[in-house]
Amino acid sequence: MELNITEIESRIVQLIAAEGPLIGKELAEAMPKVPVLALWQACYRSRTFHVSHFASYYLRYDITREDQVRLSPSIQRDFLSFSLFGLPGQRDQMIERQGTLSNMHREISREKISVAQQVMKQLFVSLGREVRSQLCAFIAGDLAYFLAHNEPREHVASGEMVKGSDIDIVIILSESLPDEIQTRIDSEMTALKSLYLRHPQYRHEIDFICKRKSVMERQFQYTDIHDKIASKIAYESMFLGGSLTLYMEVRDAMVRTGVDRLIEQDFDHALKDRKNAMHQLLNVPGDSIDEEARSLFHFSQERVEFS
């Protein structure tokens, strides 16, 4: 296998010399018969390449690996979408290309955030100003880190093709709003979700959850996996609309309960695990990946369920 990796490295060098700096996905498309792990190994075992990473990492709880903390993007997704490889002498090209790629993900994220704002505006108009002042909405996931992508993928439940990253929205209600309002929000958001999923102009997957502020604060106890996922989503969130005061009360509760520090500790732990996983993956056969290596390389489930 060592000889093969050397041959793959040689082919990558020729490709980048001819085409200029390339991300992992472009290498994979140019060399479709080479397993992605073998490509990754060739790039990271080599001392030839200059590598530029332009992802921001955030925490994920992998329910397929006994709720283990992981970093997202996965090692595979980071390689394919957020790692640029160049050769000595291509420094200026690397800088220019990274700027272009980073801006592309930022623009895709901005477009999806705009869709989220549009959805919330439709909901707020329906509910009226008085209700709006007693709820807040925030956005989470890769949009909050401006890492969204538009790679077509199949929506699991419906089989519809959607445009890349889903749009994750959390709606927090004050205790004073009647239960009928929560039921109405769930109903209207479900209708909007269906519209934006199926309408050919959009094809966006919108995930949402609506819950009381007291439920959110109880989840900051950080006891089980559902509490941890909910807390992590709030920790990485970006304010979307409604009452900024209510949103800041949620943020303050994170500090008061100390859950923000627990999340940061989990992030440090996940970072160490990421480094160990990369060391392990450098030494497995690149063409016969087993279940354990596969789970280290990419998530079986690249999205988080709300609770």
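Computed from a predicted structure; not experimentally measured.

A. Just the nonpolar core, in detail. Formed by 30 residues in total, the largest nonpolar core has its most connected members in Met120, Leu135, Ile167, Ile169, Ile171, Ile185 and Met189. Of all the secondary-structure elements, those providing two or more residues to this core are α5 (91–127), β6 (135–140), β9 (167–173), α7 (179–198) and β10 (206–212). Take this core: its biggest share by element is 9 residues, from α5. The residues touching Ile167, leaving out its near neighbours within four places in the chain, are Lys112, Val115, Ala116, Ile139, Leu143, His204, Glu205, Ile206 and Asp207. Counting 27 residues, the second largest nonpolar core, distinct from the first, contains Leu22, Leu39, Leu80 and Phe85.

B. Structural view of the side chain of Gln219. Among the secondary structure elements, Gln219 is positioned in helix α8 (residues 213–219). At 2.7 Å, the side chain of Gln219 forms a polar contact with the side chain of Lys211.

C. Representation of the sheet that holds strand β2 (residues 50–53). One open sheet holds the 3 strands; their spatial order is β1-β5-β2, and the pairing between them is antiparallel. Looking along the sheet, the strands with just one partner apiece sit at the ends: β1 (22–23) and β2. Bridging between β1 and strand β5 (residues 83–86) involves 2 bridges; their strand directions are antiparallel. Pairing of Leu22 across the sheet is with Phe85, part of β5.

D. Molecular detail of the sheet that holds strand β11 (residues 238–242). Strand order in the open sheet formed by 4 strands is β10-β9-β6-β11, with mixed pairing between adjacent strands. Each edge of the open sheet carries a strand with a single partner, namely β10 and β11. This sheet shows a mean twist of 25° between the axes of neighbouring strands, independent of strand direction. By the bridge criterion, 7 bridges tie β9 to β10 in an arrangement that is parallel. Residue pairing in the sheet places Asp168 in a bridge with Asp207 of β10. With respect to the sheet, α7 is in contact with β6, β9 and β10, its orientation differing from that of β10 by roughly 175°.

What counts and what doesn't
- Residues numbered from 1 in each chain as written.
- Predicted model: local features only at pLDDT ≥ 70, side-chain atom pairs only at ≥ 80, totals over all residues.
- Heavy atoms only, no water.
- Core = buried A, V, L, I, M, F, W, Y, C linked by side-chain atoms within 4.5 Å.
- Buried < 20%, exposed > 50% of the residue type's maximum accessible area, 1.4 Å probe, protein only.
- Helix = DSSP H or I, 4+ residues; strand = E, 2+ residues; numbered from the N terminus.
- Contact = heavy atoms within 4.5 Å.
- Polar contact = N/O pair within 3.5 Å; in protein donor to acceptor, adjacent residues only side chain to side chain.
- Pairing = 2+ DSSP bridges.
- Axes fitted to C-alpha atoms, helices over the stretch in contact; angles between N-to-C directions.

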